[in-house]
Amino acid sequence: EKLARSDYSYILLSEKDSEAYPKLAEVLRQTSNMCKKTMSTEFDNLISLANEELELYDGFVTQVSNLDMHIRRSDSVAFSVLSDSYMDTMYIEDFRAIHGTSYDTQTGLELVITDVVKDMPRFSEIVEDELSGNMWGGELYSETAVKEYFENRTPYGISWCLDYSGVDMGMIQIAGW
């Protein structure tokens, strides 16, 4: 019990909401089952890491894994979830990842950013302004990289969430930036 700690949450719809939105309910059931299985496997791995550390040294540091799921929006149009995970192990120290996923409530299908944002050129400007305010100038991308990333395609590798005001700009994360 002292070797590892693994805490997690998942999201399911109530029976009444499951009846109203069966496709979304099934997606959330599958996602919660995946979370449970992943976190169980990860806990076993944490125990192995802790035992390995205990064999190598006189003591050990508790191996930690945490996954919190937060509902950012839930209505008849969209359902948006923010997953916040944290890990601290023998090999990974203070790692944190935040990921947003949004669904069409009626179909249960995952939304892509272009399902919600119709003016992608303006959106790329907003994202570039946000990135520029959080990085040293030119640190990780060329002057045209953000514009090119969003130009004429549905961008993948972007994590985002919806709240009741629209796309949560503080949540946007782009792979590689």
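These notes cover the structure that comes with them. These numbers come from a predicted model, not from an experiment.

1. Quick notes on the pairing of strand β2 (residues 63–74)
Here's step 1: Bridge count between strand β1 (residues 4–8) and β2: 5 bridges; the pairing is parallel. Along β2, the bridge assignment pairs A4 with Q63.
Here's step 2: With 10 bridges connecting them, β2 and strand β3 (residues 78–88) associate as antiparallel partners. When the bridges of β3 are listed, I71 appears paired with V81.

2. What to know about the nonpolar core
Here's step 1: F123, F150, W160 and V167 are the most contacted members of the largest nonpolar core, which totals 16 residues.
Here's step 2: Elements with a minimum of two residues in this core: α4 (120–134) and α5 (145–150).
Here's step 3: The element contributing the most residues to this core is α4, with 4 residues.
Here's step 4: With sequence-adjacent residues up to four places away left out, F123 is seen in contact with I113, V117, F150, I158, V167, M169 and I172.
Here's step 5: If you look at the next biggest cluster of nonpolar residues, it comprises 13 residues, including L24, A25, L28 and M69.

Cut-offs applied
Residues numbered from 1 in each chain as written. Predicted model: local features only at pLDDT ≥ 70, side-chain atom pairs only at ≥ 80, totals over all residues. Heavy atoms only, no water. Pairing = 2+ DSSP bridges. Helix = DSSP H or I, 4+ residues; strand = E, 2+ residues; numbered from the N terminus. Core = buried A, V, L, I, M, F, W, Y, C linked by side-chain atoms within 4.5 Å. Buried < 20%, exposed > 50% of the residue type's maximum accessible area, 1.4 Å probe, protein only. Contact = heavy atoms within 4.5 Å.

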